Amino acid sequence: MDPLVKGGGVRTLLGDLNWTARGACLELAPDDLFVQGAAQRSARAVCQGCSVRLECLSDALDNRVEFGVWGGMTERERRALLRRRPEIESWFDHLVVAGEPPELAH
Ligand code: SF4
C-alpha cells in the first residue's frame, strides 16, 4: 500500500498537509462558502462529494474557525458539535485518524 495514499500509514499518522489543494471548492469564488441562510445549503452540497471533507472539517473544528461552511458544516453546526463533544481534544485524530464520520460524532 502506498503510504501517501489515504489509509496509508504515513498519511494516517502525519496527516495530509496538502489537503487544501484538493478541495472541491477550489473552483468557487472565495465568498461562496461565507454565506448565510438558504445559500448555506448550496455551499454545504459542494462539500458532500469533497475528498478532503474530514480534513477540512477537523481543521475548522480544531482551529475554532468561526465563520463559513467548512467540511460540510456551517459555523452554527460546528459550534453545536463543539458544545456536544467538549472532551475531544483533536478533531483531526477523531475524524481523520480514527476515521469516524461526522455523522457519528455526536
Ligand atoms: S469540505 Fe467543503 S469547504 Fe472543505 S475543502 Fe472540501 S469543498 Fe472546500
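Keep in mind that what you see is a predicted model, and the values were worked out from it rather than measured.

Parameters at a glance
- Residues numbered from 1 in each chain as written.
- Predicted model: local features only at pLDDT ≥ 70, side-chain atom pairs only at ≥ 80, totals over all residues.
- Heavy atoms only, no water.
- Salt bridge = Lys/Arg side-chain N within 4 Å of Asp/Glu carboxyl O.
- Helix = DSSP H or I, 4+ residues; strand = E, 2+ residues; numbered from the N terminus.
- Buried < 20%, exposed > 50% of the residue type's maximum accessible area, 1.4 Å probe, protein only.
- Near = heavy atom within 4 Å.
- Nonpolar A, V, L, I, M, F, W, Y, C, P; charged D, E, K, R; others polar.
- UniProt positions renumbered as here; feature names shortened; annotations may be inferred.
- Contact = heavy atoms within 4.5 Å.
- Core = buried A, V, L, I, M, F, W, Y, C linked by side-chain atoms within 4.5 Å.
- Arc of directions from axis to C-beta.

1. Some points on the pattern of salt bridges
Then, number 1: Tallying each qualifying case throughout the model produces two salt bridges.
Then, number 2: Across the pair Arg-44 and Glu-77 runs a salt bridge whose closest N-O atoms are separated by 2.3 Å. Of this pair, Arg-44 sits in helix 2 (residues 39-48) while Glu-77 sits in helix 4 (residues 75-84), placing them 33 residues apart in sequence.
Then, number 3: Note on Arg-44: relative accessible area 25%, which makes it partly exposed.
Then, number 4: In this structure, Arg-85 and Glu-87 form a salt bridge, with 2.6 Å as the shortest nitrogen-oxygen distance.

2. Here we look at unusual backbone geometry
Then, number 1: Positive phi, close to 50 degrees, is recorded for Arg-64, a residue that is not glycine.
Then, number 2: Residue placement: Arg-64 occurs in the loop between helix 3 (53-62) and helix 4.

3. With respect to the site of the ligand
Then, number 1: Looking at the ligand, the residues that line it are Gly-23, Ala-24, Cys-25, Leu-33, Val-46, Cys-47, Cys-50, Arg-53, Cys-56, Val-69 and Gly-71.
Then, number 2: Residues that form the shell around the ligand fall into these classes: eight nonpolar, two polar and one charged.

4. Observations regarding the UniProt feature "binding site: [4Fe-4S] cluster" (unreviewed entry) in the protein
Then, number 1: Within this structure's numbering, the places UniProt gives as "binding site: [4Fe-4S] cluster" (unreviewed entry) are Cys-25, Cys-47, Cys-50 and Cys-56. These annotated residues cover 32 residues of sequence, and their C-alpha atoms all fall within 11.1 Å of one another, placing them together at a single site.
Then, number 2: Mapped onto the elements, Cys-47 comes out in helix 2.
Then, number 3: The exposure class assigned to Cys-50 is buried, which follows from its relative accessible area of 17%.
Then, number 4: Excluding residues within four positions of it along the chain, Cys-50 makes contact with Arg-22, Gly-23 and Ala-24.

5. A short note on the nonpolar core
Then, number 1: Core analysis: the biggest nonpolar cluster contains nine residues, these being Leu-54, Leu-57, Leu-61, Met-73, Leu-81, Ile-88, Trp-91, Leu-95 and Val-96.
Then, number 2: Counting residues per element, the ones that place at least two in this core are helix 3 and helix 5 (91-97).

6. Comments concerning helix 4
What sets the pattern is the α-helix's 3.6 residues per turn: residues three or four places apart point alike.
Then, number 1: Within helix 4 the residues assigned to the buried category are Glu-75, Arg-78 and Leu-81. Projected onto a plane normal to the axis of helix 4, the buried residues spread over an arc of 120 degrees and lie on a single side. Exposed residues pointing more than 90 degrees away from the buried face of helix 4 are listed as Arg-76 and Arg-83.

7. Digging into helix 3
Then, number 1: With respect to burial, helix 3 is a largely interior element, eight of its 10 residues being buried.
Then, number 2: Where helix 3 is concerned, the buried positions are Arg-53, Leu-54, Glu-55, Cys-56, Leu-57, Ser-58, Ala-60 and Leu-61.
Then, number 3: Arg-64 sits one or two residues past helix 3 and shows a positive phi near 50 degrees.

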